[in-house]
Amino acid sequence: MFRATEDQEYYELLSPTLLPKASGFLWNENMMIHMNCRGYAVAQFMQPEPAKYSHAPNLEAKTFMQPEQPYYAHHPGRFVYVKDEETGEVFSAPYEPVRCPADRYVFAVGKSRIKWTVVCKDVEIEMSLSLPKEEPIELWRLKVNNLSGRRRKLSVYPYFTVGYMSWMNRSGEYREDLQAIVCSSVTPYQKYQDYDKIKNFRDKTFLLADRAPVSWEVNQEAFEGEGGIVMPSMILEEELSKGDARYETPAAVLQYRLELAAGEEEAYRFMFGPAKDEEEIARIRGGYFLNADECGADGFIAAEWEYDQYIREGRGCIEISTPDPDLDNFVNHWLPRQIYYHGQTNRLTTDPQTRNYLQDHMGMSYIKPKMAREAFLTAMSQQKASGAMPDGIILHADAELKYINQVPHTDHCVWLPICLSTYLDETGDASILDEVVPYADGGEAEPVHRHVDRAMCWLMNDRDERGLNYINQGDWCDPMNMVGYKGKGVSGWLTIATAYAFKVWADICERSGRADQAGEYRTAAEATNETVNRYLWDGEWYARGITDDNVVFGIRTDQEGRIFINPQGWSLLSGAADADKREKLLRAVREQLETPYGVEKLAPSYTAMREDVGRVTQKHPGSAENGAVYNHAVAFYIYALYSVGEKDNAYRLLRKMLPGPDPQDVIQRGQLPIFIPNYYRGAYRQFPRTAGRSSHLFNTGTVPWVYRCLIDGLFGLQGTADGIRIRPQLPAEWSEAKVTREFRGARLRIEMKREAGVREPEVYSEGMKVEDGILRGLQPGTEVRVTVKLPAEG
């Protein structure tokens, strides 16, 4: 019922009811659309803040994208009603709102296009959605094919939701001169000072057609009548009434009459999106539908092609062939696409959280390293001379810190060396460390390495008398907002992560000729680890923190929130956990946090407010940070497992990030394996019925870390200052794997295979043994064949 196509270009779902929330997403430089398999959509565009052009039935609060998005009858959607003019029978594609069972149904998500094929009542409907590279416009194709073997008379009604645009002003009408439905509104505001901000907004929503309809309707209530959206009364009439909307909720509905011979088909094209005025709509119509190039292709076709090329720019730096074809499909096609989306769009926000911005561009180090370089410099230009990093990075002159970025968190400095290390590994571009960057609050501009020094000093100084890092109103865990708001609470995870950041920065300092500083940071890491073991080790695992009232939490005596995953994984990275502690905490994680869907962030999930921890405890048990399989945290843990050689444990958990291959696992999660969501529901031991459900939210810092797990861990193809180290950690169940690795302009074709008699991994480049496993002197434009012999016993 779900499968990758033979050419690997699409992933298909063959039922609209098996995974009713299955979805795919497309984006460009200025918009994003998340399309549900049944025709529902969540779309937004930037002006410069996120805005809607297809609205819900009531005025929506402006907020960030929500997990586990509920869908309902009047949720914004893109539908096509089909009526047999002779029998009066009606169905809709892709499934909603009529929900007529289809004889054939295919929902196909591609990298640059989403398609449906629906056969019902001997009529085949093909729908496809793509985008241009720049403009916030949906490009739709519709094809109607008569499969009945006899002549058919049909009416086809494309229906695009406009919804409740504004309480101030909303209307809609069909414009024959534009061959478009145009709906108008005014963004609500109160203060006159806001007028200058909104007067140039794209407050119109248009549906442009390449063929003139026989009729139309723009009044949603009149269109639905007594039949509602499931069977609109007006569809039962011979013709739509050509109505308008005057301070009424508009809809964009067109009617086309077809008389098709057996096997005959008709094709239509539409554009849907926002515009400032009718002049802009006229420009869009002319540019996409009317102007053809010398080959006869118009702007619509050209835009589809350009968009496909744009998406292909985000291809990854590894291509794999392993005993796990589903993993191959995801890694080769979907994972780099998701990384690319994050880095290219900054999640379609003008003030991304600093930690998100840095980690997203850690991922771009593998795909567009020049963009990553600029992002790191941008982030450090907003650092204060004290070393403190802001809670969010401002990316637009009119932007301001919003939502969670107004709440002080203490972890942002820790990400600088960690994310920079990936960029340096991948590019070898040590010149970034000497790039001179100003501070946000003035003073003398300094090289990047001094910016990171100051960030590390800030972490050293923002501690209590024990040497534990303050948490303020949150660290990486946003809603842990009441542990330290009085100024005394500390974060166990951040203290451990700080030790790891010191270690990473020490290594970078040593490689860049700053041996004295490297020694200082290593000493600081050791001292921090000693502090961690003195105050946070609970006998079997590490505590999560200590509250303002000096209460240690995340320990054995806690009934809820007894164990958290982050301190355990990061203690492996920092070196705080010695062999004995490692064994104990690995067992604790396996017994208390691991589920069939991955590792829970904490357990047991909180079921009531704990006022000295904060609003994380108010979230529903097993959702988001309150005990979900929060994939970002899981990826940290997996990376840590690879860092200490726990390769089988690491791969087992890595594979659980993807739905399947067992069909029942896919059904329980409700998601196709084409992106990693920010979480799967947890609280597995408390509420097993809902455990495993996907949030369907594809905004997540998980994906660059998964790429690091693959490159640095599973396949062991990590860059170094002067080459690439090859040190695979294949799971014992694999006898071989093939990887094509793009690295600094060279292409490595690597075959890994287990062989009898091999005791330690052996690396051969073009038949010559590489004694230390590091390939040096690789030249851009060259191709190198590499063989890796692995012990027969995994």
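Going by the structure above, here's the rest.
Bear in mind that the values here come from a model prediction, so they are computed numbers and not experimental data. (Residues numbered from 1 in each chain as written. Predicted model: local features only at pLDDT ≥ 70, side-chain atom pairs only at ≥ 80, totals over all residues. Heavy atoms only, no water.)

Q: What is the right way to read unusual backbone geometry from this model?
A: Peptide bonds are, in most cases, trans, and in most cases residues other than glycine have a negative phi. Each neighbour pair has its own omega, and for Gln 47 with Pro 48 the value is -15°, a cis peptide bond. Residue Pro 97 is reached from Glu 96 by a cis peptide bond, and omega for that bond is -5°. Of note, Arg 99 is a non-glycine position whose phi angle comes to about 60°, a positive value. Positive phi, normally seen in glycine, also occurs at Lys 242, with a value near 55°. With respect to the helices and strands, Lys 242 occurs in the loop between helix H2 (220–224) and strand E18 (245–246). On the accessibility criterion, Lys 242 (42% relative accessible area) is partly exposed. (Helix = DSSP H or I, 4+ residues; strand = E, 2+ residues; numbered from the N terminus. Buried < 20%, exposed > 50% of the residue type's maximum accessible area, 1.4 Å probe, protein only.)

Q: Whenever I open this one, the pattern of salt bridges confuses me. Can you help?
A: When their charged atoms lie close together, side chains carrying opposite charge are able to pair. Within this structure, the stated rule accounts for 67 salt bridges. A salt bridge links Asp 351 to Lys 402; its shortest N-O distance comes to 2.8 Å. You can see Asp 351 sitting in the loop between helix H5 (325–345) and helix H6 (354–364) and its partner Lys 402 sitting in the loop between helix H7 (369–380) and helix H8 (415–427), a full 51 residues away along the chain. Accessibility classification places Asp 351 together with Lys 402 in one group, the buried group. A single salt-bridge network, built from bridges that share partners, covers Lys 83, Glu 85, Glu 238, Glu 239 and Arg 257. (Salt bridge = Lys/Arg side-chain N within 4 Å of Asp/Glu carboxyl O.)

Q: Would you take a moment to explain the sheet that holds strand E6 (residues 50–51) for this structure?
A: Backbone hydrogen bonds are what pair the strands of a sheet, in a parallel or an antiparallel way. Pairing is antiparallel across the open sheet formed by four strands, whose spatial order is E3-E4-E5-E6. With one partner strand each, in any of the chains shown, strand E3 (23–27) and E6 form the two edges of the open sheet. Judged from the five bridges that link them, E3 and strand E4 (residues 31–36) form a sheet pairing that is antiparallel. Along E4, the bridge assignment pairs Gly 24 with Met 35. (Pairing = 2+ DSSP bridges.)

Q: Is there a simple way to explain the environment of Asn 356 in this structure?
A: Tracing the backbone through its elements, the reader meets Asn 356 in helix H6. The class of Asn 356 is buried, set by a relative accessible area of 12%. The spacing of Asn 356 and Ile 393 is 37 residues in sequence and 9.6 Å in space, taken between C-alpha atoms.

Q: Even after reading the chapter, I still don't get the nonpolar core, so can you show me in this structure?
A: Nonpolar side chains tend toward joint burial in soluble globular proteins. In terms of nonpolar packing, the biggest core is built from 228 residues, with Val 144, Trp 415, Trp 570, Leu 710 and Phe 715 touching the most fellow members. With twelve residues, the top contributor of residues to this core is helix H10 (residues 492–511). If sequence neighbours within four positions are ignored, Phe 715 has contacts with Ile 320, Thr 322, Leu 710, Arg 727, Pro 728, Leu 730, Trp 734, Ala 737, Val 739 and Met 752. Within the second largest apolar cluster, 15 residues are counted, among which are Val 182, Phe 206, Tyr 288 and Ala 303. (Core = buried A, V, L, I, M, F, W, Y, C linked by side-chain atoms within 4.5 Å. Contact = heavy atoms within 4.5 Å.)

Q: What exactly am I supposed to notice about the sheet that holds strand E39 (residues 774–776) here?
A: Pairing is antiparallel across the open sheet formed by three strands, whose spatial order is E33-E34-E39. The open sheet terminates on both sides in strands that have one partner only, identified here as strand E33 (717–720) and E39. Taken over all neighbouring pairs, the strand axes of this sheet differ in orientation by 30° on average, direction set aside. Where E33 meets strand E34 (residues 723–726), four bridges bridge the pair, whose relative direction is antiparallel. Paired with Thr 720 across the bridge in E34 is Gly 723. (Axes fitted to C-alpha atoms, helices over the stretch in contact; angles between N-to-C directions.)

Q: Any chance you could explain the side chain of Ser 155 here in plain terms?
A: Within the secondary structure, Ser 155 is located in strand E13 (residues 152–161). When its relative accessible area of 0% is taken as the criterion, Ser 155 is described as buried. Within the local environment of Ser 155, its side chain forms a polar contact with the side chain of Glu 85, the two groups lying 2.3 Å apart. For Ser 155, the contacting residues outside a window of four places in its chain are Tyr 81, Val 82, Lys 83, Glu 85, Gln 255, Tyr 256 and Arg 257. (Polar contact = N/O pair within 3.5 Å; in protein donor to acceptor, adjacent residues only side chain to side chain.)

Q: I would appreciate a short explanation of helix H15 (residues 647–655) in the present structure.
A: Quick reminder: α-helices carry 3.6 residues per turn. Residues three or four places apart thus point the same way. Most of H15 is tucked away, with seven of its nine residues classed as buried. Contact partners of the buried residues in H15: H5, helix H13 (579–592), strand E28 (594–595), strand E29 (598–599), helix H14 (631–643) and helix H17 (702–714).

Q: Quick question: what am I supposed to make of the packing of aromatic side chains here?
A: The geometry of an aromatic ring pair is captured by the separation of the ring centres together with the interplanar angle, meaning the angle of the planes. All told, the structure shown has 47 aromatic pairs when counted by the stated rule. Here Phe 160 and Phe 272 contribute two aromatic rings whose centre-to-centre distance is 5.0 Å and whose plane-to-plane angle is 55°, an arrangement assigned as tilted. One end of the pair, Phe 160, is in strand E13; the other, Phe 272, is in strand E20 (residues 265–275), and 112 residues separate them in sequence. Note on accessibility: Phe 160 and Phe 272 belong to one class, buried. Through pairs of rings, three or more aromatic residues link up here, namely Phe 45, Tyr 53, Phe 107, Trp 116, Trp 140, Phe 160, Tyr 256, Tyr 268, Phe 270 and Phe 272. (Phe/Tyr/Trp six-rings, centres within 6.5 Å; stacked < 30°, edge-to-face > 60°.)

Q: Teacher, can you tell me more about the packing of H14 against H17 here?
A: When two helices pack together, their arrangement is given by the angle between the helix axes and the distance between those axes. Where H14 meets H17, the closest approach of the two axes is 9 Å, and the angle between their N-to-C directions is 15°. When the axis of H14 is compared with that of H17, the two are roughly parallel. With respect to the hand of their crossing, H14 and H17 are arranged in left-handed fashion. Only Thr 702, Trp 705, Val 706, Arg 708, Cys 709, Asp 712, Gly 713 and Leu 714 of H17 make contact with H14, whose side of the interface consists of Asn 631, His 632, Ala 635, Phe 636, Ile 638, Tyr 639 and Tyr 642. (Parallel < 35°, antiparallel > 145°, perpendicular 65-115°, else oblique. Left-handed = near helix turned anticlockwise from the far one by under 90°.)

Q: Just checking my understanding: could you explain H6 for this structure?
A: Within H6, eleven of the eleven residues are buried, which leaves it mostly tucked inside the rest of the structure. Buried within H6 we find Thr 354, Arg 355, Asn 356, Tyr 357, Leu 358, Gln 359, Asp 360, His 361, Met 362, Gly 363 and Met 364. Residues of H6 that are buried in the fold lie against H5, H7, H8, H14 and H17.

Q: It is not clear to me how the environment of Glu 400 should be interpreted in this structure. Could you clarify?
A: Secondary-structure assignment places Glu 400 in the loop between H7 and H8. For Glu 400, a relative accessible area of 53% gives the class exposed. Residues Glu 400 and Arg 454 lie 54 residues apart in sequence; the distance between their C-alpha atoms is 25 Å. In contact with Glu 400, other than residues within four places in its own chain, are Asp 351 and Ile 394.

Q: Would you explain the side chain of Asn 626 in this entry?
A: Structurally, the position occupied by Asn 626 is in the loop between strand E30 (602–603) and strand E31 (629–630). For Asn 626, the side chain forms a polar contact with the main-chain nitrogen of Tyr 606, separated by 2.8 Å. Apart from residues lying up to four places away in sequence, Asn 626 is in contact with Leu 602, Ser 605, Tyr 606, Val 616, Thr 617, Lys 619, His 620 and Pro 621.

Q: Help me out: how do you make sense of the environment of Phe 553 in this one?
A: Mapping Phe 553 onto the fold places it in strand E26 (residues 552–553). Separated by ten residues in sequence, Phe 553 and Ala 543 place their C-alpha atoms 6.0 Å apart. Residue contacts for Phe 553: discarding those within four places in its chain leaves Met 480, Val 483, Ala 543, Arg 544, Gly 545, Ile 546, Thr 547, Asp 558, Phe 564, Tyr 606, Arg 610 and Val 613.

Q: Is there a simple way to explain a nonpolar patch on the surface in this structure?
A: Among the surface-exposed residues, Trp 167, Met 168 and Tyr 247 lie close enough to one another that they form a single nonpolar patch of about 300 Å² accessible area. Note on placement: Trp 167 falls in the loop between E13 and strand E14 (170–175). We classify Trp 167 as partly exposed; its relative accessible area is 36%. (Patch = residues over 30% accessible without salt bridge, like charges linked within 9 Å, V, L, I, M, F, W, Y side chains within 5 Å. Areas by Shrake-Rupley, 256 points an atom, 1.4 Å probe, with all protein chains shown as cover.)

Q: Even after reading the chapter, I still don't get the packing of helix H12 (residues 565–574) against H13, so can you show me in this structure?
A: At a closest axis distance of 11 Å, the pairing of H12 and H13 adopts a crossing angle of 145°. Read as a crossing pair, H12 and H13 show a hand that is left-handed. In this structure, H12 uses Ile 565, Gln 568, Ser 571 and Leu 572 to contact H13, whose residues at the interface are Arg 582, Leu 585, Leu 586 and Val 589. Partitioning the contact of H12 with H13 into residue classes produces five nonpolar, two polar and one charged. (Nonpolar A, V, L, I, M, F, W, Y, C, P; charged D, E, K, R; others polar.)

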